[in-house]
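Letter by letter, the chains look like this.
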Amino acid sequence: MLPQQGARRRGLGRALTALVFAGAVATAAPAHATPETSLQHIVPAPVAVTPRPGVSFTLGADTKIHTQPGSVEARQVGEYLAGVLRPSTGYRLPVVPGASGRHISLLLVGADPAVGAEGYQLDVTGRGAVIRARTAAGLFAGVQTFRQLLPAEVEAKTRQRGPWVVPGGRVLDYPRYAHRGAMLDVARHFFSVDEVKRYIDQIALYKVNRLHLHLTDDQGWRLEIKSWPNLTAHGGSTEVGGGPGGYYTQEQYRDLVAYAAARHITVIPEIDMPGHTNAALSSYPELNCDGVAPPLYTGIDVGFSSLCIAKDITYEFVDDVLREVAALTPGEYLHIGGDEAHATTDPDFDLFIDKVLPLVEKHGKTATGWHEFVKAGPPASAVPQFWGTKTVAPDMVAAAARGSRIVLSPATKAYLDMKYDANTKLGLSWAGYTDVQDAYDWNPGAYIEGLPADAVRGVEAPLWSETITNSAELEFLAFPRLPAIAELAWSPWSTHDWDRFKVRLAAQADRWDVLGVNYYASPQVPWRR
Ligand code: TNX
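Residues numbered from 1 in each chain as written. Predicted model: local features only at pLDDT ≥ 70, side-chain atom pairs only at ≥ 80, totals over all residues. Heavy atoms only, no water.

As named in an unreviewed UniProt entry, the protein chain is beta-N-acetylhexosaminidase, taken from Saccharothrix hoggarensis. The Catalytic activity (unreviewed entry) field of the UniProt record for the protein chain holds the comment "Hydrolysis of terminal non-reducing N-acetyl-D-hexosamine residues in N-acetyl-beta-D-hexosaminides." The Sequence similarities (unreviewed entry) comment attached to the protein chain in UniProt states, word for word, "Belongs to the glycosyl hydrolase 20 family." (UniProt positions renumbered as here; feature names shortened; annotations may be inferred.)

UniProt feature "domain: Beta-hexosaminidase bacterial type N-terminal" (unreviewed entry): in the numbering of this structure it lies at residues 41-174. Split by type, residues 41-174 is 24% helix and 33% strand. Its first and last C-alpha atoms lie 17 Å apart. (Helix = DSSP H or I, 4+ residues; strand = E, 2+ residues; numbered from the N terminus.)

Ordered by their spatial adjacency, 8 strands build a closed barrel running β8-β9-β12-β13-β14-β15-β16-β17, and the pairing between neighbours is parallel. Averaged over all pairs of adjacent strands, the angle between strand axes in this sheet comes to 25 degrees, irrespective of strand direction. Direction of pairing for strand β8 (residues 179-185) relative to strand β9 (residues 210-214): parallel, over a ladder of 5 bridges. Residue pairing in the sheet places Ala182 in a bridge with Leu211 of β9. Along the sheet, helix α8 (residues 250-261) contacts β9 and β12 (266-273); its crossing angle with β12, the most-contacted strand, is approximately 135 degrees. Across the face of the sheet, helix α11 (residues 346-362) comes into contact with β12, β13 (333-337) and β14 (366-370) while running at roughly 160 degrees to β13. (Pairing = 2+ DSSP bridges. Axes fitted to C-alpha atoms, helices over the stretch in contact; angles between N-to-C directions. Contact = heavy atoms within 4.5 Å.)

Turning next to the site of the ligand. Taken together, 14 residues surround the ligand, and among them Arg188, Tyr415, Asp417, Trp430 and Glu466 come closest. Asp339 has a polar side-chain atom sitting 2.9 Å from a nitrogen atom of the ligand. At 2.6 Å from an oxygen atom of the ligand is found a side-chain nitrogen or oxygen belonging to Asp417. Counted by class, the shell around the ligand contains 8 nonpolar, 1 polar and 5 charged residues. (Near = heavy atom within 4 Å. Polar contact = N/O pair within 3.5 Å; in protein donor to acceptor, adjacent residues only side chain to side chain. Nonpolar A, V, L, I, M, F, W, Y, C, P; charged D, E, K, R; others polar.)

Our next topic: the pattern of salt bridges. Going through the model one piece at a time under the given rule, you end up with 22 salt bridges. A salt bridge links Asp201 to Arg263; its shortest N-O distance comes to 2.7 Å. Highlighted residues: Asp201 in helix α6 (residues 193-204) and Arg263 in the loop between α8 and β12, separated in sequence by 62 residues. On the basis of relative accessibility, which here comes to 28%, the residue Asp201 falls in the partly exposed class. A salt bridge links Arg323 to Asp319; the nearest nitrogen and oxygen atoms lie 3.7 Å apart. In this pair, Arg323 and Asp319 are both assigned in helix α10 (residues 312-327), 4 residues apart and thus about one turn of the helix distant. Arg323 gets classed as partly exposed once you look at its relative accessible area, which sits at 37%. Taking relative accessible area as the criterion, Asp319 reaches 12% and is therefore assigned buried. Three or more residues joined by partner-sharing salt bridges are found here, namely Asp185, Arg188, Asp217 and Glu466. (Salt bridge = Lys/Arg side-chain N within 4 Å of Asp/Glu carboxyl O. Buried < 20%, exposed > 50% of the residue type's maximum accessible area, 1.4 Å probe, protein only.)

This model, assessed by the stated rule, comprises 23 aromatic pairs. Note on Tyr415 and Trp430: the rings are 6.0 Å apart at their centroids and 90 degrees apart in plane angle, and the pair reads as edge-to-face. With Tyr415 in the loop between α13 (411-414) and α14 (436-440) and Trp430 in the loop between α13 and α14, this residue pair connects regions lying 15 residues apart in the sequence. Residue classification places Trp430 among the partly exposed residues on the basis of a relative accessible area of 46%. Of the aromatic side chains, those joined through ring pairs into one cluster are Tyr206, Phe479, Trp512, Tyr519 and Trp527. Seen from the ring of Trp490, Lys207 lies directly overhead, with NZ or CZ sitting 5.6 Å from the centre. Over the ring of Tyr259 we find Arg263, and its NZ or CZ is 3.6 Å from the ring centre. (Phe/Tyr/Trp six-rings, centres within 6.5 Å; stacked < 30°, edge-to-face > 60°. Lys NZ or Arg CZ within 6 Å of the ring centre and 35° of its normal.)

Mapped onto the present numbering, the UniProt feature "domain: Glycoside hydrolase family 20 catalytic" (unreviewed entry) falls at residues 177-492. The annotated region residues 177-492 carries 32% helix and 16% strand content, and the separation between its end C-alpha atoms amounts to 9 Å.

Looking now at the sheet that holds strand β5 (residues 120-125). A sheet is described by the order of its strands in space; here 7 strands give the open sequence β1-β7-β5-β6-β4-β2-β3, paired in mixed fashion. Two strands bound the open sheet, and with one partner strand each, they are β1 (48-59) and β3 (95-97). Across this sheet, the average inter-strand angle for adjacent strands is 25 degrees, counted without regard to direction. As defined by bridge partners, β5 adjoins strand β7 (residues 164-173) across 5 bridges and the pair is classed as antiparallel.

Right, here's the structure in full:
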C-alpha cells in the first residue's frame with residue numbers, strides 16, 4: 001500500500017495534502033527536516049546538544065531494541081518505542097535484553113550523573129542510538145527526543161518509505177521543574193476515554209509528566225463514585241450547551257490512569273469544591289442548605305454554587321468521594337479545587353478547607369488546590385496552583401515563606417483556553433488574548449514579584465472546555481501553545497529565545513501533520529509550508 005493510500009484511509013485529511021506535498025518536493029530539494037537539522041529542532045530544548053558531523057545511524061529491518069537486562073520498566077519503555085516505530089517503518093524491532101550499545105539501547109547504567117532522576121543522555125553513533133538514564137522516566141524522556149530526531153513520517157500509523165536516518169550526536173538533558181503539567185477540563189464538556197488518551201499521547205511527546213483532570217464542575221460530574229451513584233447518573237447527564245455529557249466508570253478511569261502511567265504521566269484528579277458544585281447539588285438535595293436540589297446547569301457562568309458548609313452530611317460526602325478517588329489514584333496528589341467560591345463567605349471557606357485538608361491526609365494523599373485556598377492557611381506540604389492575572393501576588397509570596405512550593409498557571413500566559421487573537425473562533429478572552437509568543441515569553445522562575453525561584457515547583461497549562469467539544473477543537477487551542485508551556489517547564493532558562501523557539505516550533509508541525517493534530521497556524525510562527 002502506498003503511504004498516501006494509508007493516510008487517506010485513516011482520514012488524516014489535511015495531513016494527507018501535507019504529506020503528498022512534502023513527498024513531491026523532497027525529491028527535488030529537502031524542504032523539510034534533514035537529519036542534520038533535526039538535532040537543532042528538539043522541543044523542549046535540551047540542556048546540551050553536541051552534533052557528530054558526518055555521522056548518522058539508519059534504522060533497518062534488522063534493528064533491535066535492547067533494554068537494560070533485568071529491568072521490567074526499561075523493557076516497557078522499549079515496547080512503547082517499538083509501538084511508535086513499527087507501524088511506519090514496518091520493521092519487527094524486537095525488544096530484547098541487551099547492553100551491547102548497538103542498535104537502539106535503553107540502559108539504566110552509565111549515564112552522566114547530571115541527568116538526575118528524570119533526565120537522560122542520548123548518543124547516536126554509526127553503531128546505533130544509546131539512551132542512558134537512572135530511571136525509566138529518564139529513558140522515556142530520551143525516547144521522546146529520539147522520536148523527534150527521526151523524520152516526521154515515523155509518526156504515521158501506516159507504512160512509510162523511510163529512510164530512517166538519525167543524525168549523529170550527543171544530547172545531555174534533564175528538566176528544570178519536577179511538575180510539568182497539563183490540565184484538561186472534562187466537566188464543562190465531556191471528553192471520552194479515547195479523546196483523553198489522544199491528548200495524553202500528545203503531551204507525552206513534550207515531556208509533560210502530570211495530567212490534571214478537572215473531573216467535576218457546575219455542569220457535570222464525570223467520575224463514578226459508588227457510594228453516591230446519582231453524582232454521575234444525574235450529575236453527569238449533561239454539559240455546557242445541553243449535550244449528553246458522560247462520565248468515566250471507575251474501571252475506565254483506572255484504564256486512563258494506567259495509560260498515562262505507561263507514558264510516565266501521573267494523573268492528578270480534581271474534585272472542585274466548595275464552589276463549582278452545582279452538578280453534585282443537583283444530584284443530592286441533602287447537600288443543599290435548604291434541602292432543595294437546583295436544576296442541572298448548562299451555561300458558562302462561574303461562582304454561583306456552594307456546598308452547604310454548616311451541614312455534617314457535606315463532610316460525609318467529601319470523605320466518601322475523597323476515599324474513592326484516593327483509592328483510584330496511585331499519584332501523591334488530590335486536587336480539591338477551591339477556586340471562585342463566590343457563593344461561600346470567607347469564614348465559611350476557611351472552615352471548609354480546614355475540615356477537608358485532614359480528609360485528604362486521612363486518605364493518604366497530599367492536597368493541591370487553586371491558589372485561593374492559601375487564604376485558609378494550608379500546611380506547607382499543600383501545593384497552591386497560581387492562576388492569577390497579575391505578577392503581584394503577596395499571598396503566594398507569604399505561602400512560599402511558610403514553605404509552600406507553587407505551581408504556576410498564570411491565566412494571561414498558560415491558559416490554553418484564551419483566544420489567540422480577536423479572530424479566534426474558540427476560547428474565551430477574560431484574561432486577554434494569548435498568542436504563541438505571549439505563552440512562551442515569561443520566566444516561571446522570576447514571574448511573581450518577590451517569589452524566590454526555588455519556591456516554584458513547576459508550570460501547568462490548563463485547558464478549560466466551555467467552548468470546545470472534541471479533539472480537533474481541543475488541539476486547536478492546545479497547539480502550538482502547549483509545547484511552549486512544556487518547554488518553559490522542562491528547558492533551562494539559558495535556552496530561552498523566541499526567535500529560535502519559533503523555528504523549532506515550525507519544525508514540529510511536520511509531525512503534527514502526520515499525527516493529524518489540528519494546530520493553529522499562528523502568523524507569529526514561520527511554518528515551513
Ligand atoms: C476560571 S481559573 C476558572 C474556570 C473557568 C476558566 C475559564 C479557575 C481556577 N477557574 O472555572 O473555566 O476561568 O477560563
